[in-house]
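Letter by letter, the chains look like this.
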Amino acid sequence: MSRMTRDELFLGLASLTSRRSTCERAQVGAVLVRDNRIISVGYNGSPPGAAHCSELGCLQGSRGANCIRTIHAEVNAILHAPGNNAVRGSTMYSTLAPCLGCTKVLMAAGVNEVVFLQYYEDQDRITFLAENNHGQIRFRAYSPEEVTPEEFLHGLFSIQDCSTRVLDRRWGISS
Ligand SMILES: [Zn+2]
Ligand SMILES: [Zn+2]
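Residues numbered from 1 in each chain as written. Chains lettered and ligands numbered in written order. Predicted model: local features only at pLDDT ≥ 70, side-chain atom pairs only at ≥ 80, totals over all residues.

*Asks:* What am I meant to see in the overall build of the chain here?
*Replies:* Looking only at helices and strands, the chain has eight helices and five strands in total. For the chain, the N- to C-terminal ordering of α and β elements is α-β-β-α-α-α-β-α-β-α-β-α-α. Sorting the 175 residues of the chain into buried and exposed places 33% on the buried side. Restricting the contact set of the chain to residue pairs at least 6 apart, pairs at least 24 apart contribute 61%. (Helix = DSSP H or I, 4+ residues; strand = E, 2+ residues; numbered from the N terminus. Buried ≥ 20, exposed ≤ 12 C-beta atoms within 10 Å, placed from the backbone. Contact = placed C-beta atoms within 7 Å.)

*Asks:* Which parts of the structure should I look at to understand the environment of Arg69?
*Replies:* Looking at where Arg69 falls in the secondary structure, it is placed in the loop between helix H2 (53–56) and helix H3 (73–79). Taking the C-alpha atoms as reference, Arg69 lies 7.6 Å from His52; in sequence the two are 17 residues apart. Excluding anything up to four places from it in sequence, Arg69 contacts Cys23, Ser46, Cys53, Cys58 and Leu59.

*Asks:* Help me out: how do you make sense of the pairing of strand S4 (residues 113–118) in this one?
*Replies:* Successive residues of a regular strand alternate their side chains across the two faces of the sheet. Counted residue by residue, S4 has five buried out of six residues, so it is predominantly covered. Inspection of the sheet shows strand S3 (residues 91–96) paired to S4 by five bridges, in the parallel sense. What sits directly across from Met92, in S4, is Val114. Viewed along the sheet, the connection from S3 through helix H5 (residues 100–109) into S4 turns out right-handed. Where S4 lies against strand S5 (residues 138–141), four bridges are found, and the strand directions are parallel. Bridging from a neighbouring strand, Val114 pairs with Phe139 of S5. Following the chain from S4 across helix H6 (residues 123–131) to the adjacent parallel S5, one finds a crossover that is right-handed. (Pairing = 2+ DSSP bridges. Right-handed = clockwise from strand over helix to strand, strands pointing away.)

*Asks:* Quick question: what am I supposed to make of the sheet that holds S3 here?
*Replies:* Strand pairing in a sheet relies on backbone hydrogen bonds. The paired strands run either parallel or antiparallel. One open sheet holds the five strands; their spatial order is S2-S1-S3-S4-S5, and the pairing between them is mixed. Looking at the sheet topology across the chains shown, the edges are occupied by strand S2 (37–43) and S5. Each neighbouring strand pair of the sheet contributes to a mean axis angle of 20 degrees, computed without reference to strand direction. Direction of pairing for strand S1 (residues 29–34) relative to S3: antiparallel, over a ladder of four bridges. Bridge assignment links Val31 to a residue of S3, and that residue is Tyr93. (Axes fitted to C-alpha atoms, helices over the stretch in contact; angles between N-to-C directions.)

*Asks:* Help me understand H5 in this model?
*Replies:* Residues spaced three or four apart along an α-helix point in a common direction, a consequence of the helix completing one turn every 3.6 residues. Considered for burial, the residues of H5 that qualify are Cys102, Thr103, Leu106 and Ala109. The buried residues of H5 occupy one face: seen down the axis, they fall within an arc of 130 degrees. Along H5, exposed side chains directed more than 90 degrees from the buried face belong to Gly101 and Ala108. Structurally, H5 contributes buried residues whose contacts are with H3, helix H4 (84–87), S3, S4 and H6. Count one or two residues on from H5 and you reach Gly110, which has phi positive near 90 degrees. (Arc of directions from axis to C-beta.)

*Asks:* Hey, could you run me through the environment of Asn66 in this one?
*Replies:* Within the secondary structure, Asn66 sits in the loop between H2 and H3. Spatially, the C-alpha atom of Asn66 lies 9.1 Å from that of Ala26, the residues being 40 residues apart in sequence.

*Asks:* Would you mind going over the confidence of the model for the chain with me for this structure?
*Replies:* A residue-level look at the chain finds 88% of positions with pLDDT of 70 or above and a mean pLDDT of 87. The element-level mean pLDDT for the chain is lowest in helix H8 (residues 162–170), coming to 48, with S1 highest at 98. Considering only residues more than four positions removed or in separate chains, one finds that residues 164–171, a stretch of pLDDT under 50, has two contacts. (pLDDT = per-residue confidence, 0-100.)

Structure (structure tokens):
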């Protein structure tokens, strides 16, 4: 039996969480971790009580293709964490590298590191910010190749067939 790494666990959970998104343009999931414990999760969706992209379609801003209807996954994860002290020194696992706005929120909240599966479109600006923040926040791509949440989950479950393992344990079959 191969043991799942922490990166795989938290990025797998971020990938699952992205399935709750109500935005049609992009589905993003984020998991906030401190001392190897999950303290919060978030996905991109409309503010509570507001209509969702899945009902009305995405809402494009004046500057291009980005949907402006939703609160981003990273901000929702910060909002639903149990308080500022818990967030300080944490690591954000996300299916997508944060946008510039989220990056600034993460820095203000005291998140130390962001681990992600896919690059975001304005990565150059984020890289510039990361290199000029006096070490406040680090960015790490999980792999050199971009991986979609679907590919990531497929990889996890085809390598480690959980259902088979549970059955084997139940019937006392050792592998
Ligand atoms: Zn949308
Ligand atoms: Zn964002």
